[in-house]
Amino acid sequence: VSSCCYLSRRLNQLSNHDPLWKRHCKKYWLISEEEKSQRNESWKAIFISAFCDLGRYIRYYATLKKAWDDLERYLGQRCPRMIGSLKESVREEDLDAVEAQIGCKLPDDYRCSFRIHNGQKLVVPGLMGSMALSNHYRSEDLLDIDTAAGGFQQRLGLKQCLPLTFCIHTGLSQYMALESVEGRNKYEIFYQCPDQMARNPSTIVMFITGTSYLEWFTSYVNKVVTGGYPIIRDQIFRYVHDKECVATTGDITVSVSTSFLPELSSVHPPHYFFTYRIRIEMSKDALPEKACQLDSRYWKITNAKGDVEEVQGPGVVGEFPIISPGRVYEYTSCTTFSTTSGYMEGYYTFHCLYYKDKFFNVTIPRFHMVCPTFKVSTAATKLVRGLENQLYQERLRELGRETNPDEHAVDDDEDSTDSDEDEDQRRVLAIPPPSGRCPYST
């Protein structure tokens, strides 16, 4: 007994040894020394207080809090206007009320993120990235919890899906599946794209963008804060740059970044829309007489089937830029493929400004464009099967009446695969079908 008492006393002493709680406070709740001194509490008291409030999120909180802190710090220096659009955190009871409203459980990583920031106001630019072409603009806001709940879907094709983002210009959203239905995995995140060749509007294609909220959000933030996505005109542009997509000819370097646009793409018919951003730069150490002007471009475009198209024309996007030592010229263009992937390569032809009869070619590195993973919702397939079964049952009834005219028809009160699939009239985020063509040729 005395040994147990001694053990208990020792454990009690250890549990009250404040420095032991310091590591846990920093690891799980990211509490700094400065914050601790401001709160004027012991490390143990701080840990217990945080655990009482956020204990269910102990697996996610540190990761998501760090992502939010890194993003705010990075944007505060480069896009301060965007920081002002972020909303304060929500309470546990607010998240519980949303679950009761939509009749589905929210994943803990999603809830945890909204305990830090409740998304953002519906403004431009959006936190989740922009894209701009000559006649097309997209900027996605991270929805606050109430707006997301208002757009919760129960209609066929998007059943039990919650919108995470929304673009006020295109109506485009990224959705998260709250249940494993219609061919989706639980908590999978995707862009939805209607099947333009299907008669049934519930036939949609899903371009997968994440497997969970934690993976989706933190991978995006990492791209932003490491410079993977460029900041252009105070906006995050979701161009992906392959470090190998760089070619240097003499004093001129050409690099390329690309992006897939789901809102302008279609699987049926196959029409995959990509945009690319090209940077042309002359070394600042080049001699002044190396200044030159771009005259023309040549492209070799190859799709996944090996089909090749060649394009040649004057200038780029209607311009004939002059490149001089230290100067950078960037432009954006686009292309479409009938296959899910393809690549482009080519060269620019320049003439020297000091020696106007001197022409030379500058290599454009080969760059690949690949459509993200996609799948077709099984909702339409089930609906077709249900209609086929209904027609089959009706035909059996007709045959029964022909052979037994005095018999009553079979009971019509049978289950139907689409009896409860009416579109939810509370839907607030209308998603238009993909439209538009490449605003200018390659």
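Residues numbered from 1 in each chain as written. Predicted model: local features only at pLDDT ≥ 70, side-chain atom pairs only at ≥ 80, totals over all residues. Heavy atoms only, no water.

Naming follows an unreviewed UniProt entry, where the protein chain appears as F-box only protein 3 of Upupa epops. Under Subcellular location (unreviewed entry), UniProt gives the following word-for-word description of the protein chain: "Nucleus". Listed in UniProt under the heading Subunit (unreviewed entry), the comment for the protein chain reads: "Part of a SCF (SKP1-cullin-F-box) protein ligase complex SCF(FBXO3) consisting of FBXO3, SKP1, CUL1 and RBX1. Interacts with PML, interaction is direct and takes place either alone or within the SCF complex." (UniProt positions renumbered as here; feature names shortened; annotations may be inferred.)

Describing the overall build of the protein chain
Summing up its helical and strand segments, the protein chain has 11 helices and 20 strands in all. Burial statistics for the protein chain: of 442 residues in total, 46% are counted as buried. Here the contacts in the protein chain between residues at least 6 apart in sequence split such that 64% fall between residues at least 24 apart. (Helix = DSSP H or I, 4+ residues; strand = E, 2+ residues; numbered from the N terminus. Buried < 20%, exposed > 50% of the residue type's maximum accessible area, 1.4 Å probe, protein only. Contact = heavy atoms within 4.5 Å.)

Structural notes on a nonpolar patch on the surface
Judged by side-chain polarity, L122, V124 and I168 come together as a nonpolar surface patch covering roughly 230 Å² of accessible area. For V124, the location among the structural elements is in the loop between α8 (108–114) and β1 (130–133). Assessed through its relative accessible area of 34%, V124 is described here as partly exposed. (Patch = residues over 30% accessible without salt bridge, like charges linked within 9 Å, V, L, I, M, F, W, Y side chains within 5 Å. Areas by Shrake-Rupley, 256 points an atom, 1.4 Å probe, with all protein chains shown as cover. Salt bridge = Lys/Arg side-chain N within 4 Å of Asp/Glu carboxyl O.)

A closer look at the pairing of strand β7 (residues 189–194)
Consecutive side chains of a regular strand alternate in pointing toward one face of the sheet and then the other. Taking burial as the measure, the 6 residues of β7 include 5 buried ones, the bulk of the element. As judged from the 3 bridges shared by strand β6 (residues 174–177) and β7, these two strands associate in the antiparallel manner. Residue pairing in the sheet places Y175 in a bridge with F190 of β7. Direction of pairing for β7 relative to strand β8 (residues 204–210): antiparallel, over a ladder of 6 bridges. Its bridge partner lying in β8, C193 is registered against V205. (Pairing = 2+ DSSP bridges.)

Some details on the environment of V254
One can find V254 in strand β12 (residues 252–260). Placed 27 residues apart in sequence, V254 and E281 show a C-alpha to C-alpha distance of 6.6 Å. For V254, the residues in contact, after removing those within four places along its chain, are C245, V246, A247, I278, R279, I280, Y348, V362, T363, I364 and P365.

Side note on the packing of aromatic side chains
Considering all chains together, one arrives at 23 aromatic pairs under this definition. In this structure an aromatic cluster arises from ring pairing among W68, Y110, F114, Y213, W216 and F217. Above the plane of the ring of Y74 lies R78, whose end atom (NZ or CZ) is 3.9 Å from the centre. (Phe/Tyr/Trp six-rings, centres within 6.5 Å; stacked < 30°, edge-to-face > 60°. Lys NZ or Arg CZ within 6 Å of the ring centre and 35° of its normal.)

Concerning the pattern of salt bridges
For the coordinates displayed, the defined rule picks out 28 salt bridges. Of the charged contacts, one joins K26 and E33 as a salt bridge, the two residues approaching to 3.5 Å between their closest N and O atoms. Look at K26 and you get partly exposed, because its relative accessible area is 34%. In this structure, the salt-bridge partner of E330 is R277, at a minimum N-O distance of 3.4 Å. Note that E330 is positioned in strand β17 (residues 328–337) and R277 in strand β13 (residues 272–282), a separation of 53 residues in sequence. Here the residues in one salt-bridge network are D53, R56, E92, D96, E99, K105, D108, R111 and R115, joined through shared partners.

Description of the nonpolar core
In this structure, L106, Y110, L127, Y213 and F217 are the most contacted members of the largest nonpolar core, which totals 53 residues. Counting residues per element, this core draws most heavily on helix α5 (residues 61–78), which supplies 7 residues. Two domains each put at least three residues into this core: domain 1 (9–57) and domain 2 (61–224). If we ignore the near neighbours within four places in the chain, the residues touching L127 are W68, L71, L75, M82, L86, Q120, E140, D141, L142, Y220 and I236. Counting 37 residues, the second-largest nonpolar core is a separate cluster that includes Y272, L294, V311 and V362. (Core = buried A, V, L, I, M, F, W, Y, C linked by side-chain atoms within 4.5 Å. Domains from an automatic or database assignment.)

Re the confidence of the model for the protein chain
When the pLDDT values of the protein chain are averaged, the result is 87; 83% of them are 70 or greater. Ignoring residues within four places in sequence, the model shows residues 403–441, a span with pLDDT below 50, making 66 contacts including any to other chains. (pLDDT = per-residue confidence, 0-100.)

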